[in-house]
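Each chain, written out:
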Amino acid sequence: MTVEATKHFRQECSTTQPHQHLPRLNEFVGKVMSSTRQQNYAGPLLFFDKSRLLDNYRHFRTVLPHIDIHYAVKCLPDKDVLKTLFKAGSRFEIASKGELALLLSMGVNPQQILYSNPIKSPAYIHYAAQQGVEWYAIDSLDELHKIAAIKADAKLYLRIHTSNKGSLWPLEGKFGAHQNDIEEILITASTRNINLLGVTFHVGSQCLNPDNWRKGIISAKHVFVQMEKLGLKPQLLNIGGGFPVNISKNSPSIEEIANIINQEIKNLSPDISVVAEPGRYLVASAGCLVCRVVGTATRSGQRWLYLDSGVYTGLMEMAKGFPYPIVSERKGLFSDWNIAGPTCDSIDVCRKKAQLPSDLHSDDFIYILSAGAYTVCCASNFNGFKKPKLVFLDNIPKAIEI
Ligand code: PLP
């Protein structure tokens, strides 16, 4: 990275990036910048550093030593990423037949896969049952009956509602049984001899409020007591995902979150295994999305920056306020830019009033940090634009086919 770029990196990131990460991030972005220059750029690229992925995995294990990791495949469902985690000892969480097929093709043991999507089609349940998947999430009586009719010996875990307050990407509302639904589900499982064996919750993605985990675990413990009273035998506490990537001043550290979780699970019965389904925490900081300025415009005094990546092509979360740090190699003073994607759709606006160098120009590269999660997999070819191509930093081909 040039001295100027580093300065801009510091300026842009000083508001959003804790300082202790700067040297390592500098090195990472520097590598990405030089790799980008060596390419015959033909469209957005997601540079991915597997060693960072492994560091994140190992760190999670260290701070939460009693918790088994089931990586949430949806976050970045790439075979090399999955293989890296599999080799390191990770288990997996899936949402669909496609994700399951991908894992099975790598030789993952279906008994170590959690099917945590609370609503699954009968066809997908049949497929999972045939392949040997044992564990399935439910959050309603309808799903309990649907699964029991297809796989009577399925092991079920109940997704309960929990607070998503303070999460940048809340998931509550669409999923999660409420207190008044829970009793009926437990009674039905107990009277019909259905293996309802666990409880799960999701605090919301990029959760900045560690108290959500405390509340979720306390609620799960109440449900375990209810289960035992009905003769059900709890075996699983699944604390879901939501662990944040550290990109803003108000991001709690993984240590802070782990202290709360470790405290709350201390007095659980030894019959209950505890698992988590991190997605973003493992992959986000290992990815840097490189895109290019397509054009600039001034409208009513406001400067607009149009990139070849936008809401439809990888930056969906930026449009919802996700504070990705953004870096460029320009030297101008910072000014306000409205950042938009390349498509003709008016919802393709990613960030208003972003502070970036005033002299940005068509064809400049833009580097979006901590972009490993929910970017490539959420991109489409809408309007004929290219999805970001995943490139591994330890194995960069001379020419990248897009
Ligand atoms: N588990 C389930 C059931 C999810 O729906 C998700 C994300 O939507 C995750 C885990 C991963 O969440 P995160 O990427 O916030 O860790």
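Preceding this paragraph is the structure being described.
Residues numbered from 1 in each chain as written. Predicted model: local features only at pLDDT ≥ 70, side-chain atom pairs only at ≥ 80, totals over all residues. Heavy atoms only, no water.

Undergrad: Pulling in residues and values, what's your account of the packing of aromatic side chains?
TA: The tally for this structure, following the rule as stated, stands at 11 aromatic pairs. On the basis of an interplanar angle of 85° and a centroid distance of 5.9 Å, the ring pair of Phe 48 and Phe 392 is categorised as edge-to-face. Taken as a pair, Phe 48 in strand 1 (residues 45-48) and Phe 392 in strand 18 (residues 389-392) lie far apart in primary sequence, 344 residues in all. Just as Phe 48 is buried, Phe 392 falls in that class too. Here the aromatic residues Phe 60, Trp 213, Phe 243 and Tyr 281 are joined through ring pairs into a cluster of three or more. Positioned over the ring face of Phe 392 is Lys 50, at 4.6 Å from the centre of the ring. When the ring centre of Tyr 127 is taken as origin, the NZ or CZ atom of Lys 97, which lies over that ring, is 4.9 Å away. (Phe/Tyr/Trp six-rings, centres within 6.5 Å; stacked < 30°, edge-to-face > 60°. Helix = DSSP H or I, 4+ residues; strand = E, 2+ residues; numbered from the N terminus. Buried < 20%, exposed > 50% of the residue type's maximum accessible area, 1.4 Å probe, protein only. Lys NZ or Arg CZ within 6 Å of the ring centre and 35° of its normal.)

Undergrad: Describe the sheet that holds strand 4 (residues 113-115), listing the residues and the values that go with them.
TA: In spatial order, the strands read 2-3-4-5-6-8-10-11; together these 8 strands close into a barrel with parallel pairing. Each strand of the sheet is rotated relative to its neighbour by a mean of 30°, with strand direction disregarded. Sheet topology places strand 4 next to strand 5 (residues 135-138); 2 bridges connect them, and they run parallel. Looking across to strand 5, one finds that Tyr 115 is bridged to Tyr 136. Seen against the sheet, helix 3 (residues 50-63) touches strand 2 (67-72) and strand 11 (273-276) and runs at an angle of roughly 150° to strand 2. (Pairing = 2+ DSSP bridges. Axes fitted to C-alpha atoms, helices over the stretch in contact; angles between N-to-C directions. Contact = heavy atoms within 4.5 Å.)

Undergrad: Tell me about the side chain of Lys 151, and please be specific about residues and values.
TA: Here Lys 151 is to be found in the loop between helix 7 (141-150) and strand 6 (155-159). Within the local environment of Lys 151, its side chain forms a polar contact with the side chain of Asp 153, the two groups lying 3.1 Å apart. Not counting residues up to four positions away in its chain, the partners in contact with Lys 151 are Ala 129, Val 133, Glu 134 and Tyr 136. (Polar contact = N/O pair within 3.5 Å; in protein donor to acceptor, adjacent residues only side chain to side chain.)

Undergrad: Go over the site of the ligand with me, naming the residues and quoting the values.
TA: Taken together, 15 residues lie near the ligand, and Ser 205, Glu 277, Gly 279, Arg 280 and Tyr 374 sit nearest. Measuring from an oxygen atom of the ligand, one finds a side-chain N or O atom of Lys 74 at 3.5 Å. In the model, an oxygen atom of the ligand is placed 2.6 Å from a nitrogen or oxygen of the Tyr 374 side chain. When isolated, the ligand has an accessible area of 400 Å², and the protein chains bury 91% of it. Counted by class, the shell around the ligand contains 4 nonpolar, 6 polar and 5 charged residues. (Near = heavy atom within 4 Å. Areas by Shrake-Rupley, 256 points an atom, 1.4 Å probe, with all protein chains shown as cover. Nonpolar A, V, L, I, M, F, W, Y, C, P; charged D, E, K, R; others polar.)

Undergrad: Explain the packing of helix 6 (residues 122-131) against helix 7 residue by residue, including any values.
TA: In a pair of packed helices, the angle between the axes and the distance between the axes together describe the arrangement. Where helix 6 contacts helix 7, the two axes come as close as 10 Å, and the packing angle between them is 45°. The angle between the axes of helix 6 and helix 7 places the two elements in the oblique class. The way helix 6 lies across helix 7 gives a crossing that is right-handed. Seen from helix 6, the contacting residues are Pro 122, Ile 125 and His 126; seen from helix 7, they are Glu 143, Lys 146, Ile 147 and Ile 150. Looking at the contact of helix 6 with helix 7 residue by residue, the classes come out as 4 nonpolar, 1 polar and 2 charged. (Parallel < 35°, antiparallel > 145°, perpendicular 65-115°, else oblique. Left-handed = near helix turned anticlockwise from the far one by under 90°.)

Undergrad: An account of the nonpolar core is needed here, citing residue identities and associated values.
TA: Leu 237, Ile 239 and Phe 243 are the most contacted members of the largest nonpolar core, which has 115 residues in total. By residue number, the principal contributor to this core is helix 9 (residues 211-229), which donates 6 residues. Setting aside its immediate chain neighbours within four residues, Phe 243 contacts Phe 60, Leu 64, Trp 213, Ile 254, Ile 257, Ile 261, Ala 276, Pro 278, Arg 280 and Tyr 281. Within the second largest apolar cluster, 7 residues are counted, among which are Leu 114, Tyr 157, Leu 236 and Val 275. (Core = buried A, V, L, I, M, F, W, Y, C linked by side-chain atoms within 4.5 Å.)

Undergrad: Quick rundown of the state of the cysteines? Include the residues and the values.
TA: This structure, assessed with the given rule, holds 0 disulfides. The thiol sulfur of Cys 377 is not disulfide-bonded, and the nearest other cysteine sulfur, from Cys 378, lies at 4.1 Å. According to the relative accessible area criterion, Cys 377 is partly exposed, its value standing at 31%. (Disulfide = S-S within 2.5 Å.)

Undergrad: Explain the pairing of strand 17 (residues 365-368) to me, and be specific about the residues and the numbers.
TA: Residue alternation in strand 17 divides its side chains into two sets, Phe 365 and Tyr 367 and Ile 366 and Ile 368, and both sets are buried. Alignment of strand 12 (residues 287-299) against strand 17, held across 4 bridges, turns out to be antiparallel. Within strand 17, the position partnered with Cys 291 by the bridge is Ile 366. Two elements, strand 14 (residues 326-328) and strand 17, share 3 bridges in a ladder whose sense is antiparallel. The residue bridging Val 327 from the neighbouring strand is Tyr 367, located in strand 17.

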